[in-house]
Amino acid sequence: MIVEGTDSEKQEFAADLLGGSSWSIHEVSPLNSFDFEDSAALEKLRRKLEKYITQTLELEEVEIQALSTSFSAQNIKIVILNVSSTKKRCSLIICRGKTYFILSKGKSKLIKTLFTELEKRFDCSVGQTTVSLSPMQLSSFARKWTSEVISTYRHSSSKDSQLNFQTLDDFKFHANNAGKAQPLELFFEFPEGVVEAGLDLMKVAMPNQALLSVHKSMKENIERSNSDGEAEGDEVQFLQGILDFVGGRTQIRMNGVNLVRVCTPRGLIAAEGRIKFLCKESVESSFAHLERLLES
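**What to know about the overall build of the protein chain**
Counting its secondary structure elements, the protein chain contains nine helices and 12 strands. In the protein chain, which comprises 296 residues, the proportion classed as buried is 46%. In the protein chain, once contacts between residues fewer than 6 apart in sequence are set aside, the share between residues at least 24 apart is 63%. Counting only carbon and sulfur atoms, one obtains 45% of the accessible surface of the protein chain, whose full area is about 15,400 Å².

Dropping the structure here:
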């Protein structure tokens, strides 16, 4: 069936689906003649996919729930396909902004069957494996998510009022006095020589004060670089701040390490091309950030 409703209701449905689940990220070339806004065309596609899956995989009671919507503030069009049968389930989110990509979750055989049919019908190429995300792309999400916590953190007091912390000093005062931690966890892989010596993966948990220090230092470096006319990317400076924090508190040399996973209360993202949105309120902005990273 086609999921109907107002734009806000459809966006709410999309945010609910995205939130709390782990998604694989796939690159895809432009889908020729794929209409993201025509309900009749989507219904026709839904029925053809149901028939194709039933015949190809010999499944029973195949049903596809389809929805077309957009994150209007970010100008990203999406089509959601929820596929269910008596034995298998999967979900696809086909996305078009400045670039195309697909998010998937569920049974891999069912997902690959859908990819094959989409490639045939829309003369496109879908990555059968997930994208590989670089340390800089992961660092970009770490910086974004922790910046949001620092700049928009809300705490309900005993009087049910809400305090908005919009500066580093406001958040620092709250962190010191209310004890509300907003952790950042990062996982680093070591180069081959170190792995052979017995250290292959290291987890780093960043406490509040360390995050405040890294963000403050990054801001000062950017301002200083701008005055000199040579600005380094936020992601580079943020990641270097993390490495300096670890190197200054351990005897471990961080030369050659690769950031492979980022975990925050807002979400998780990993180098093997997987993302999990944990905060419903930030799904749209995180989704748009992912689109920008893939486009670049």
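Now that the structure is up, let's keep going.
**Examining the sheet that holds strand β11 (residues 267-270)**
Pairing is antiparallel across the open sheet formed by 10 strands, whose spatial order is β2-β3-β4-β5-β1-β12-β11-β10-β8-β9. Two strands lie at the open edges of the sheet, namely β2 (63-71) and β9 (201-206), each paired on one side alone. Neighbour-to-neighbour, the strand axes of the sheet open up by a mean angle of 20 degrees, direction not taken into account. As paired strands, strand β3 (residues 76-84) and strand β4 (residues 89-96) are joined by eight bridges and run antiparallel to one another. When the bridges of β4 are listed, Leu81 appears paired with Leu92. Packed onto the sheet, helix α2 (residues 39-57) meets β2 and β3 and runs at close to 145 degrees relative to β2. Of the strands in this sheet, β1 (22-27), β2, β3, β4, β5 (100-106) and β12 (274-277) are in contact with helix α9 (residues 283-295), which crosses β5 at around 125 degrees.

**Considerations on the side chain of Ser84**
By the element assignment, Ser84 lies in strand β3. By relative accessible area, which is 18% here, Ser84 ends up buried. Contacts of Ser84, omitting those with residues within four sequence positions, involve Glu61, Val62, Glu63 and Arg89.

**Some details on the nonpolar core**
Core analysis: the largest hydrophobic core is formed by 55 residues, its most contacted members being Ile93, Leu103, Phe188, Met206 and Phe287. Other than its neighbours up to four places away in sequence, Phe188 contacts Asp200, Leu201, Met202, Val204, Leu239, Ile242, Leu243, Met254, Val257, Asn258, Leu259 and Val260. Core analysis: the next-biggest nonpolar cluster, separate from the first, contains 30 residues, Ile2, Leu31, Val62 and Ala66 among them.

**Some words on the confidence of the model for the protein chain**
Here the protein chain averages 81 in pLDDT, and 82% of its residues register 70 or above. Long-range and interchain partners of residues 152-168, a stretch whose pLDDT sits below 50, account for 31 contacts in this model, where long-range means more than four residues apart. Taken together, the stretch residues 170-182 has pLDDT below 50 and engages in 28 contacts with residues farther than four places along the chain or on a different chain.

**Thoughts on helix α8 (residues 234-249)**
With 16 residues, α8 ought to run about 22 Å at 1.5 Å a step, and its terminal C-alpha atoms sit 23 Å apart, in line with that. Along α8, the positions that sit buried rather than exposed are Gln237, Phe238, Leu239, Gly241, Ile242, Leu243, Phe245 and Val246.

**Structural notes on the pairing of β5**
The buried count for β5 comes to five of seven residues, which makes it a mostly enclosed element. For β1 and β5, the ladder comprises four bridges, and the chain directions are antiparallel. Bridging across to β5, Glu27 finds its partner in Phe101. Pairing analysis gives seven bridges linking β4 to β5, with the strands arranged antiparallel. Paired with Cys95 across the bridge in β5 is Phe101.

**Details of unusual backbone geometry**
Despite not being glycine, Glu61 shows a phi value in the positive range, around 55 degrees. Considering the arrangement of structural elements, one finds Glu61 in the loop between α2 and β2. The residue Asp123 is not glycine, and still its phi comes out positive at about 50 degrees. Note that Asp123 resides in the loop between α3 (108-122) and α4 (135-152).

Parameters at a glance
Residues numbered from 1 in each chain as written. Predicted model: local features only at pLDDT ≥ 70, side-chain atom pairs only at ≥ 80, totals over all residues. Heavy atoms only, no water. Helix = DSSP H or I, 4+ residues; strand = E, 2+ residues; numbered from the N terminus. Buried < 20%, exposed > 50% of the residue type's maximum accessible area, 1.4 Å probe, protein only. Contact = heavy atoms within 4.5 Å. Areas by Shrake-Rupley, 256 points an atom, 1.4 Å probe, with all protein chains shown as cover. Pairing = 2+ DSSP bridges. Axes fitted to C-alpha atoms, helices over the stretch in contact; angles between N-to-C directions. Core = buried A, V, L, I, M, F, W, Y, C linked by side-chain atoms within 4.5 Å. pLDDT = per-residue confidence, 0-100. Expected span 1.5 Å × (residues − 1).

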